[in-house]
Amino acid sequence: MARFETTVADFRRFVAATGYRTTAEKYGNAPGFQRNGTWGDVAGLSWRNPGFSQSSNHPVVCISYYDAQAYIDWLNENAEYAPELGFKPFYRLPTEAEWEFVGRAGSQTEFFWGNEPSDGRGYLNAADESGTPVGG
């Protein structure tokens with residue numbers, strides 16, 4: 001796991017260096033909450049236009065597994081020897097088990113707040129039934 005999120009600025013440097021087009025840019029949509037509160041493809045969404053205001057310091061969103069893997073491949077190609085580490089860093093995506101472990105934040109429950117999804121209110125970064133962003 002990275003110590004910090006990949007920011008919009010980080011991803012912008014990658015795109016500028018490579019000319020990469022994300023899955024959302026190729027297909028003209030990205031998964032997100034639609035106005036009726038359901039999850040599905042939303043036309044026009046991409047990391048450049050996630051449907052809400054973002055600064056360069058915000059985490060990049062609306063990228064697919066393939067986009068994340070392309071970014072990681074670029075990081076590995078351009079990684080330099082780090083004297084403080086004693087080696088050249090190598091980047092990879094976490095396994096599902098690693099992601100689940102980190103997502104539970106050391107707890108033994110299904111979610112870090114407990115076992116009931118409904119108890120996650122106030123923790124989630126999502127939308128309500130009207131499509132209005134809530135949580136956090």
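Residues numbered from 1 in each chain as written. Predicted model: local features only at pLDDT ≥ 70, side-chain atom pairs only at ≥ 80, totals over all residues. Heavy atoms only, no water.

J.: Help me understand the overall build of the chain in this model?
T.: Each helix and strand counted, the chain has four helices and four strands in total. Start at the N end of the chain and walk to the C end: the helices and strands fall as α-α-β-β-α-α-β-β. Dimensions of the chain, computed from C-alpha atoms along their principal axes, come out at roughly 50 × 40 × 25 Å. With 136 residues in all, the chain has 24% of them scored as buried. Relative to all contacts within the chain whose residues are 6 or more apart in sequence, the contacts with residues 24 or more apart total 41%. With the model as given, the accessible surface of the chain reaches about 9,900 Å², and the carbon-plus-sulfur share is 53%. Across the chain, the centroid of the 11 positively charged side chains sits 7 Å from that of the 17 negatively charged ones. (Helix = DSSP H or I, 4+ residues; strand = E, 2+ residues; numbered from the N terminus. Buried < 20%, exposed > 50% of the residue type's maximum accessible area, 1.4 Å probe, protein only. Contact = heavy atoms within 4.5 Å. Areas by Shrake-Rupley, 256 points an atom, 1.4 Å probe, with all protein chains shown as cover. Lys, Arg positive; Asp, Glu negative; His and termini not counted. Charge placed at Lys NZ, Arg CZ, Asp CG, Glu CD.)

J.: Hey, could you run me through the pairing of strand S2 (residues 39–43) in this one?
T.: Regular strands have side chains that alternate between both faces of the sheet. Direction of pairing for strand S1 (residues 29–33) relative to S2: antiparallel, over a ladder of five bridges. From the neighbouring strand, Asn29 faces S2, where its bridge partner is Ala43. Following S1, the chain reverses through five residues before pairing antiparallel with S2; Gly37 in that reversal takes a positive phi of roughly 90 degrees. (Pairing = 2+ DSSP bridges.)

J.: Any chance you could explain the side chain of Thr7 here in plain terms?
T.: As for its placement among the helices and strands, Thr7 is situated in the segment before helix H1 (8–18). The class of Thr7 is buried, set by a relative accessible area of 17%. Not counting residues within four places of it along the chain, the set of residues in contact with Thr7 comprises Ser56, Asn57, His58, Pro59 and Val60.

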